[in-house]
Amino acid sequence: MNTEELLQKIRRIEIKSNRLSKNIFSGEYRSTFKGRGMSFSEVREYQIGDDVRDIDWNVTARYAKPYIKVFEEERELTMLLLIDVSKSGQFGTIEKTKRQLLAEIAGTLAFSTITNNDNVGVLFYSDRVEKYIPPSKGRKHVLHILLEILTMEPVGSGTNLSEALRYAHNVQKKQCTLFILSDFIDESDYGQTISVVSRKHQIMAMRVYDPHETVLPKVGLLRATDAESGEIMLLDTSSRSVQEQYRDYWHHLTTYMVETFKKYDIINASTATDKDYVPALQRLFDEGSRIRV
């Protein structure tokens with residue numbers, strides 16, 4: 001991809017992400033992501049139905065009539081996107097690769113974040129932390145994030161979400177939202193790490209997959225290269241045992257992910273590269289809103 005093609009792709013993502021964040025996800029974002037608590041705003045006269053526990057007794061005594069304290073939520077928060085840039089993300093058989101779809105989703109989340117005057121940062125990971133971009137605001141910052149997503153060449157060859165979660169847990173001293181974007185082709189025991197990190201931070205996740213990953217196509221002898229290990233294999237895709245092994249492998253990855261998210265109450269959704277990701281993201285936001293209420 002040359003420079004002109006890259007800039008055009010970033011611009012298309014920006015236009016679509018901006019439209020979605022402003023016209024579709026503005027309300028969902030504010031109701032889904034938690035602020036940092038409540039802060040004092042003002043005092044006003046007591047009205048029927050107000051909570052008597054909010055009465056400001058000093059002001060009440062001064063004016064000889066009841067006044068209450070009014071609080072508002074501190075809206076500014078921080079979102080840290082944990083983006084899987086392992087080599088399996090380069091796979092794509094239909095419209096786009098998984099990495100390209102991750103970039104679009106990340107762009108929508110990032111623009112939604114800055115539209116609400118919040119901070120967004122990124123942690124790129126493979127089997128190690130590849131790069132950390134501290135949270136900040138502004139269009140220029142988000143465009144820098146998109147550029148990094150599309151051009152990142154990972155040093156690591158595998159995937160280890162646990163490493164990314166531990167790093168995020170240590171670098172983010174205050175509570176924030178950790179949003180994982182990955183295909184979750186990851187054999188590390190990330191459930192143990194999620195159990196610890198989720199006690200401090202809100203964790204959400206979006207799984208991206210290619211539809212042809214779910215079932216091994218029957219095309220006879222197939223020369224395949226593992227994108228992450230580099231291992232070259234000759235597979236007899238017409239063999240029942242090979243089909244069963246692959247089905248068991250995919251089932252194991254999916255089951256582990258689903259059970260882990262359920263166990264630790266991680267809000268999550270999945271989308272395929274040949275589908276519109278907007279409905280999946282809306283479902284995720286809707287679930288987050290219900291849980292918060």
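Throughout what follows, the structure given in this document is the object of discussion. What you see is a predicted model, and the numbers here were worked out from it, not measured in a lab. (Residues numbered from 1 in each chain as written. Predicted model: local features only at pLDDT ≥ 70, side-chain atom pairs only at ≥ 80, totals over all residues. Heavy atoms only, no water.)

**Comments concerning helix α6 (residues 161–171)**
- Listed in full, the buried residues belonging to α6 are Leu-161, Ser-162, Ala-164, Leu-165 and Ala-168. Mapping the buried residues of α6 onto a view down its axis gives an arc of 160°, with all of them on the same face.
- Looking at the buried positions of α6, the neighbouring elements they touch are β3 (78–84), β4 (119–125), β5 (129–136), β6 (177–182), α7 (190–197) and β7 (202–209).
- Of the residues flanking the start of α6, the one acting as N-cap is Asn-160, its side-chain oxygen 3.1 Å from the backbone nitrogen of Ser-162. (Buried < 20%, exposed > 50% of the residue type's maximum accessible area, 1.4 Å probe, protein only. Helix = DSSP H or I, 4+ residues; strand = E, 2+ residues; numbered from the N terminus. Arc of directions from axis to C-beta. Contact = heavy atoms within 4.5 Å. Polar contact = N/O pair within 3.5 Å; in protein donor to acceptor, adjacent residues only side chain to side chain.)

**What about the pattern of salt bridges?**
- Under the counting rule described, the total for this entry stands at 12 salt bridges.
- Among the salt bridges present, the one from Glu-213 reaches Lys-98, with a minimum N-O distance of 2.5 Å. Of this pair, Glu-213 sits in the loop between β7 and β8 (221–225) while Lys-98 sits in helix α4 (residues 98–115), and the two are 115 residues apart along the sequence.
- Measuring nitrogen to oxygen at the nearest pair gives 2.8 Å for the salt bridge that ties Arg-166 to Glu-163. On the criterion of helical spacing, the pair formed by Arg-166 and Glu-163 is a turn pair, its members being three residues apart in helix α6.
- Overall, Glu-163 belongs to the partly exposed group, its relative accessible area being 34%.
- Several salt bridges share partner residues, and in doing so they unite Arg-11, Glu-14 and Arg-139 into one network. (Salt bridge = Lys/Arg side-chain N within 4 Å of Asp/Glu carboxyl O.)

**Topic: the packing of aromatic side chains**
- Following the criterion strictly, the structure yields six aromatic pairs and no others.
- Judged by centre distance (5.5 Å) and plane angle (45°), the ring pair of Tyr-63 and Tyr-67 falls under tilted.
- An aromatic cluster is present here, built from Phe-184, Tyr-190, Tyr-256 and Phe-261 joined pairwise through their rings. (Phe/Tyr/Trp six-rings, centres within 6.5 Å; stacked < 30°, edge-to-face > 60°.)

**Considerations on the packing of α6 against α7**
- Packing of α6 against α7 leaves a shortest axis separation of 8 Å and a crossing angle of 15°. When the interaxial angle is binned, α6 and α7 end up roughly parallel. In terms of crossing hand, the pair formed by α6 and α7 is left-handed. Residues Leu-161, Ser-162, Leu-165, Arg-166 and His-169 of α6 pack against Tyr-190, Thr-193, Ile-194 and Val-197 of α7.
- Residues belonging to the contact of α6 with α7 are distributed by class as follows: five nonpolar, three polar and one charged. (Axes fitted to C-alpha atoms, helices over the stretch in contact; angles between N-to-C directions. Parallel < 35°, antiparallel > 145°, perpendicular 65-115°, else oblique. Left-handed = near helix turned anticlockwise from the far one by under 90°. Nonpolar A, V, L, I, M, F, W, Y, C, P; charged D, E, K, R; others polar.)

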